Amino acid sequence: MSEFTELLSLVGLVDFFDELTDENELNRTNYLQEGKRILSLARVKEKRNLFKTDSLTVRLCNLKFPFLANHEYQIYLQIEHAIKKLIKKRLKTVHSEECLIKEGIPFILSFSKDCPGFRIYPAEGLSGSTLAKDVSGSQNIIALTIEEETFYVPCTSQKRFQNDDYHYKYNPNFRIHMLHADTAFFALWGISWLNQLRKEALGDTMVFEALKYILRNISGCLMKKRWDGDNLPEWFAAFLADNSYIFDNKTNCYTLSADHGQSPKSENTKTAYHSEIIPEPPAESPAQLSDFIPDIINLVSLVYNGNLISAKDLLRKTDSRVYFYLPYHYEKFILSSLQYFISNVQDIKEEEKHRKELDGMVARAYMTKRNIPQHVLKEMQCSELNKYFGFIEFDEEVDLKSVDLVTKEFQKLNHQIFHDFKNHNVALRFRKLGRHHASGLYYPSINTMVVDFRHPDSFIHEYFHMLDDTLGDLSLQCTFDKIALRYQKLLRNAVEEEKKTGMVLLSARGKYGINYYLRKCEIFARCGEIYLFRILHIVSSLLKPEETKSFAYPDDDTLNSLIHHYYSSLLDQLKDIKIDKRKEHYETALHIAAQ
């Protein structure tokens, strides 16, 4: 867990309206200064470390994960396979009962302290040891005891057997419980993982908010009930409040608020993580529907009250039998949380790759040019944009009249949409970016926005990159996850459809391959543009036009609804955010440029 703790700290949380037809309202969405879009502005530090991950694999506890698959239904299988593969690998190192006694049980002891309620020890000397060896063909048997129920777990079975009870034909009254090692220890590992996450959340509110977010997606059956306020624990009342419940003094009950149904819903209403891949327990399973609610309440207690899950929750008892069973919603929570954290690490790795590529361009694009003409230098120093940014640079080839017009556009746009947001730690540079094959760049390591003055409509895209970075990697936070998942699904579908026609929309590799567009920070910037030009119908030279049609700007009702809900809330919060100015090297850069 220690190697993953740094990455956990990066994870956190954070109503369509009618079209505007009134003339005054229409003026609020049109920011063009002379009635037409400005298509071009041309005339006719020390870097900070951002993330730390391994180079080829993502390490989670002691597990090595390849990059997650593109399709959700494959992801859970991939994660579960990686865990069970390690379990089997570690147990293969057990060569004798003496090895178990002297060296302890590999892998298991490393997490048993985070999963209370069970004992694990060599089965040598137990009455069922011989039977377990005959059933499995393994000479090394582990005993797992939970609440006085003992299960026999072969280290490396040589025969096929089921997770069931076994007995000799001549003695049917003596039975033992047999379990496959990967079944038993995957369940124990999963409980340990959840308990470790909860301990991490004690010192990290971002992890705590992530757990609450994931829990919200698997606790839907609790939302169908009214809850009596008498003797309701405070921690459960807090859970209800976080899920749009309100307390009715007249009835003394917690009920869903009237506007609960107005929140946008993703295509999959069960969960954002497509957890229906985990099959519901069949009717004959020991876990009936009536068992689901206690299981979910246990998870609520884990997240909101800090009550760690015990191994005894893995037992299901009937009148005649005892089952070892990982509850459906436990498994759902385990795999959903693993998917969430691992996918963020995968996204960070892609972002690292992109930023390393940017590092190769830094010396050419972010440094202030020398020998800037004095009249341009004067405009840089006097520009109204200095009210919003820490340093302004204009290329000597820009048309200063056009710059003045787009500056006025930005002032109106910033006031109406971004609530006069200012960040004097960011440099804004209008440069020519031909060699970079991009119309704009944002360098998070040196807080610099670069906009190709021949393509000013890239400004808002880079501005959303700046907001994402400045406000704490918003694109990696839980509240953005539904948008990212929906966008990624739409993009992959578009690529697959093009393949059917024999066309390659995006290559699998390359600087601007599909992985570039699937990065969450890139999705954040493009969806920010969509919010302005498609939802708010903003018209500006600094923004793509509303009629923009591209695979990178998918037009989908579900996505549009999610975007509206998220960005309207985010931009409203900007009015209360003030960014403290740090000491930077802009003055030095300006001095160099003036020489």
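Summary of the structure given here. (Residues numbered from 1 in each chain as written. Predicted model: local features only at pLDDT ≥ 70, side-chain atom pairs only at ≥ 80, totals over all residues. Heavy atoms only, no water.)

Topic: the overall build of the protein chain
1) Next: When its secondary structure is counted, the protein chain shows 18 helices and 16 strands.
2) Next: As displayed, the protein chain has an accessible area near 28,500 Å², and 49% of this comes from carbon and sulfur atoms. (Helix = DSSP H or I, 4+ residues; strand = E, 2+ residues; numbered from the N terminus. Areas by Shrake-Rupley, 256 points an atom, 1.4 Å probe, with all protein chains shown as cover.)

Thoughts on the environment of Val-539
1) Next: Following the sequence through the fold, Val-539 ends up in the loop between α16 (520-535) and α17 (557-573).
2) Next: Since its relative accessible area comes to 28%, Val-539 is described here as partly exposed.
3) Next: Excluding its chain neighbours within four sequence positions, the residues that come into contact with Val-539 are Thr-29, Asn-30, Tyr-31, Leu-32 and Arg-37. (Buried < 20%, exposed > 50% of the residue type's maximum accessible area, 1.4 Å probe, protein only. Contact = heavy atoms within 4.5 Å.)

Focus on the sheet that holds strand β10 (residues 253-256)
1) Next: The three strands lie next to each other as β8-β10-β9, forming an open sheet whose pairing is antiparallel. This sheet does not close on itself; its edge strands, each paired only once, are β8 (227-228) and β9 (245-248).
2) Next: Of the strand pairs in this sheet, β8 and β10 are connected by two bridges, and their pairing is antiparallel. Opposite Trp-227, over in β10, you have Tyr-254 as the bridge partner. (Pairing = 2+ DSSP bridges.)

Quick notes on the packing of aromatic side chains
1) Next: Following the criterion strictly, the structure yields 32 aromatic pairs and no others.
2) Next: Centre to centre, the rings of Phe-239 and Tyr-304 are 5.7 Å apart; their planes meet at 80 degrees, and the pair counts as edge-to-face. Remark: Tyr-304 occurs in helix α9 (residues 289-305) and Phe-239 occurs in helix α8 (residues 234-242); sequence separation between them is 65 residues.
3) Next: In this structure Tyr-304 comes out as buried when scored by relative accessible area, which is 12%. (Phe/Tyr/Trp six-rings, centres within 6.5 Å; stacked < 30°, edge-to-face > 60°.)

A word on the pattern of salt bridges
1) Next: Counting across every chain of the model gives 21 salt bridges.
2) Next: Here Glu-124 and Lys-133 are joined by a salt bridge, their closest N and O atoms 3.5 Å apart.
3) Next: Judged by its relative accessible area of 48%, Glu-124 is partly exposed.
4) Next: For Lys-133, a relative accessible area of 18% corresponds to the buried category.
5) Next: The shortest N-O distance in the salt bridge between Asp-555 and Arg-534 comes to 3.7 Å. In this pair, Asp-555 is assigned in the loop between α16 and α17 and Arg-534 in helix α16, connecting sequence segments 21 residues apart.
6) Next: Counted as one network, the salt bridges with shared partners bring together Glu-209, Lys-212 and Asp-242. (Salt bridge = Lys/Arg side-chain N within 4 Å of Asp/Glu carboxyl O.)

Examining the pairing of strand β7 (residues 171-178)
1) Next: Relative to β7, strand β5 (residues 149-154) runs parallel, the two being bridged by two bridges. Counted as the bridge partner of Phe-151 is His-177 from β7.
2) Next: Counting the residues in the hairpin turn of strand β6 (residues 165-168) and β7 gives two residues.

Some details on the side chain of Asn-414
1) Next: Mapped onto the fold, Asn-414 is located in helix α12 (residues 400-416).
2) Next: Setting aside residues up to four positions removed in sequence, Asn-414 forms contacts with Tyr-388, His-419, Asp-420, Phe-421 and Tyr-463.

Things to note about the sheet that holds β7
1) Next: Spatial strand order, β3-β4-β5-β7-β6: five strands in an open sheet with mixed pairing. Lying at the two open borders of the sheet, with one neighbouring strand each, are β3 (119-122) and β6. Across the sheet, the axes of successive neighbouring strands diverge by a mean angle of 40 degrees, strand direction being ignored.
2) Next: As defined by bridge partners, β3 adjoins strand β4 (residues 141-146) across four bridges and the pair is classed as antiparallel. Counterpart to Pro-122 in the pairing with β4 is Ile-142.
3) Next: Most of the contacts of helix α6 (residues 181-202) go to β5, to which it runs at about 120 degrees, and overall it touches β3, β4 and β5. (Axes fitted to C-alpha atoms, helices over the stretch in contact; angles between N-to-C directions.)

A look at the nonpolar core
1) Next: Ranked by size, the top nonpolar core spans 71 residues in total, and within it Phe-418, Phe-459 and Tyr-567 carry the most contacts.
2) Next: Among the elements that make up this core, the one with the highest residue count is α16 (nine residues).
3) Next: Each residue touching Phe-459, except ones within four places of it in the same chain, is listed here: Phe-389, Phe-410, Leu-428, Phe-430, Met-449, Val-451 and Leu-542.
4) Next: Grouped together as the second largest cluster of nonpolar side chains are 68 residues, Leu-197, Ile-309, Leu-315 and Leu-335 included. (Core = buried A, V, L, I, M, F, W, Y, C linked by side-chain atoms within 4.5 Å.)

Observations concerning the pairing of β10
1) Next: Pairing of β9 with β10 involves four bridges; the strand directions are antiparallel. What sits directly across from Phe-247, in β10, is Tyr-254.
2) Next: Counting the residues in the hairpin turn of β9 and β10 gives four residues, including Asn-252, whose phi is positive at 60 degrees.

Re α6
1) Next: The end-to-end C-alpha distance of α6, which contains 22 residues, comes to 32 Å, matching closely the 32 Å that a straight helix rising 1.5 Å per residue would cover.
2) Next: For α6, the buried fraction is high: 19 of the 22 residues fall into the buried class. (Expected span 1.5 Å × (residues − 1).)

Some points on the environment of Asn-560
1) Next: As for its position among the elements, Asn-560 is in helix α17.
2) Next: Sequence separation between Asn-560 and Arg-534 is 26 residues, and the spatial gap between their C-alpha atoms is 8.3 Å.

Looking at unusual backbone geometry
1) Next: One non-glycine residue with positive phi stands out, namely Asn-447, at about 50 degrees.
2) Next: Secondary-structure assignment places Asn-447 in the loop between β15 (440-443) and β16 (448-452).
3) Next: Even without being a glycine, Asp-473 presents a positive backbone phi close to 55 degrees.
4) Next: On the accessibility criterion, Asp-473 (17% relative accessible area) is buried.

As for the environment of Glu-393
1) Next: If you trace the backbone, Glu-393 turns up in strand β13 (residues 389-394).
2) Next: Relative accessible area serves as the criterion here: at 0%, Glu-393 is assigned to the buried category.
3) Next: Each C-alpha atom of the pair Glu-393 and Arg-431 lies 8.0 Å from the other, and the pair is 38 residues apart in sequence.
4) Next: Of the polar contacts made by the side chain of Glu-393, one reaches the side chain of Arg-429; its length is 2.9 Å.
5) Next: Of note is the side chain of Glu-393, whose polar atom sits 3.3 Å from the side chain of Arg-431. (Polar contact = N/O pair within 3.5 Å; in protein donor to acceptor, adjacent residues only side chain to side chain.)

Quick look at the side chain of Asn-423
1) Next: Its location among the elements puts Asn-423 in strand β14 (residues 423-431).
2) Next: A relative accessible area of 3% places Asn-423 in the buried class.
3) Next: A distance of 3.0 Å separates the side chain of Asn-423 from the backbone nitrogen of Asn-425, its partner in a polar contact.
4) Next: Reaching out from Asn-423, the side chain makes a polar contact with the side chain of Thr-470 at a distance of 3.0 Å.

Purely geometric stuff here, so don't read any function into it on its own.
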